[in-house]
Amino acid sequence: MSDDLWGTDRLDLTAYLERIGVTEPPGPSREALEEVYDAHLRTFTFDNIDVLLDQHPGVDLPDVQAKFVGRGRGGYCFEHGTLLGAVLDRLGFAVERRLARVGPDPTAAGRTHLVVVVDLDGERLLADPGFGLSVWRPIPMVDGAVDEVRGIAHRVRWGEHGWALERAKDDGWELMHTHDEALVVPSDVALGHHYTSTHPTVHFRHRLIVTKLLADRHVSLTNHTVTIRRPGEETEHREIGIDEVMGYVEELEVPLTDDERARLRARLESLD
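A.B. asks: Any chance you could explain the sheet that holds strand β7 (residues 152-159) here in plain terms?
C.D. replies: Sheet strands line up and pair through hydrogen bonds in the backbone, either parallel or antiparallel. Pairing within the open sheet is antiparallel, and its eight strands lie in the order β5-β4-β3-β2-β9-β8-β7-β6. Because the sheet does not close on itself, it has two edges, and the strands there are β5 (139-140) and β6 (146-149). Strand direction decides the pairing type here: strand β2 (residues 94-102) and strand β9 (residues 172-179), joined by three bridges, are antiparallel. Note on β9: the bridge partner recorded for Val102 is His177. Sitting on the sheet, helix α3 (residues 30-43) touches β3 (111-120), β4 (123-127) and β5, and the angle it makes with β4 is about 5°.

A.B. asks: How should the side chain of Arg167 be read in this particular structure?
C.D. replies: Mapped onto the elements, Arg167 comes out in strand β8 (residues 162-169). Ignoring sequence-local partners within four residues, the contact set of Arg167 consists of Leu133, Ile152, Ala153, His154, Gly172, Trp173, Glu174 and Met176.

A.B. asks: Explanation requested: the environment of Arg10 in the structure shown.
C.D. replies: With respect to the element layout, Arg10 can be found in the loop between α1 (3-6) and α2 (13-20). Separated by 155 residues in the primary sequence, Arg10 and Leu165 have C-alpha atoms spaced 31 Å apart. Residues in contact with Arg10, not counting those within four places in the same chain, are Asp60, Leu61, Pro62 and Gln65. There is a polar contact of 3.0 Å between the side chain of Arg10 and the backbone oxygen of Gly7.

A.B. asks: How do you make sense of the packing of aromatic side chains when you look at a structure like this?
C.D. replies: Each aromatic ring pair is characterised by the separation of its centres together with the angle its planes make. Scanning the model with the defined rule gives six aromatic pairs in all. Ring geometry for Phe44 versus Phe68: centroids 5.0 Å apart, planes at 50°, classification tilted. Within this pair, whereas Phe44 is found in the loop between α3 and β1 (46-47), its partner Phe68 is found in helix α5 (residues 61-70), the two being separated by 24 residues in sequence. Assigned by exposure class, Phe44 and Phe68 land together as buried.

Rules used in this analysis
- Residues numbered from 1 in each chain as written.
- Predicted model: local features only at pLDDT ≥ 70, side-chain atom pairs only at ≥ 80, totals over all residues.
- Heavy atoms only, no water.
- Pairing = 2+ DSSP bridges.
- Helix = DSSP H or I, 4+ residues; strand = E, 2+ residues; numbered from the N terminus.
- Contact = heavy atoms within 4.5 Å.
- Axes fitted to C-alpha atoms, helices over the stretch in contact; angles between N-to-C directions.
- Polar contact = N/O pair within 3.5 Å; in protein donor to acceptor, adjacent residues only side chain to side chain.
- Phe/Tyr/Trp six-rings, centres within 6.5 Å; stacked < 30°, edge-to-face > 60°.
- Buried < 20%, exposed > 50% of the residue type's maximum accessible area, 1.4 Å probe, protein only.

Encoded structure:
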C-alpha cells in the first residue's frame, strides 16, 4: 500500500528509534523486524488512560508520534498499529494495516482492533503490538503455525472468518481476534477509534487497562487487579486497591503530569 496514503513521511524515524533504543537497521530483515518489535513492546505501555480521562488526541500519525515518541506515553491498538506501521514502512518493509474483530464470536463483534501484517521475502508475519498480552514477536501467518515465547504460546489459523489469532489457555486455545484481508484506509482507523474511545458501552470507558513487557516479567493492571507473568513460574493474580494501582502506574513508568495523575485517581475512584 502506498506510503502516501498513510503519510509516513511525517514520521520522525530518528526520534522513534532513539526513544526505543534501536539503531536503524541497514534494510528489512527478520532480525530487524523482531528487534524493533521487541523494543517497541518494552518501551510503550498498552493502556487506555487517555480514553478514561476524556483527553484522547486521536490516531493521526503526528498526534500518535507526539504522544508516544515525544512524551514516552503508550496507548491502545489504533495508536500502536498506526505508529509501528509507519515505522516499518519507513524502514523498507512491505506493510498492510488490517482491522480485526475481538472475542470468541467474530459474528458478534465490530472491526475494532488494528494489526499490522508484514510481507518479508514472501512470508507474511502478523505483528500485533496493541493487544495487551499478544504475540511477543511477529508470528508467521500460516494456518496452524504455533509460536511460544516466554512460556506463552500463540497459534494462527485460517478459517471461515479469516485469520484467527489464538492463545494457549488451560488445555485448549482461546480465540483473541480474527481479521480478514479487506482493504483498510486511514478513515477506517479513525472511525474504529472513535467508536472504541467514545461509545458508552465499550469496556475501555469503564475499566483501566495497563500492560507492559518488562525485562523479567509481564505486568497486566486493571483498576482493581494486577497479573504478573514470569517465564517458568506460576502466574500471580490478585486484587489490589487504588493506592497500589497508582503505584504500579508509577512502576511501569507511565509519564503522567501531576494533573493527569490526580484526574486518573479520581476516575478510578468513580469506577469502584
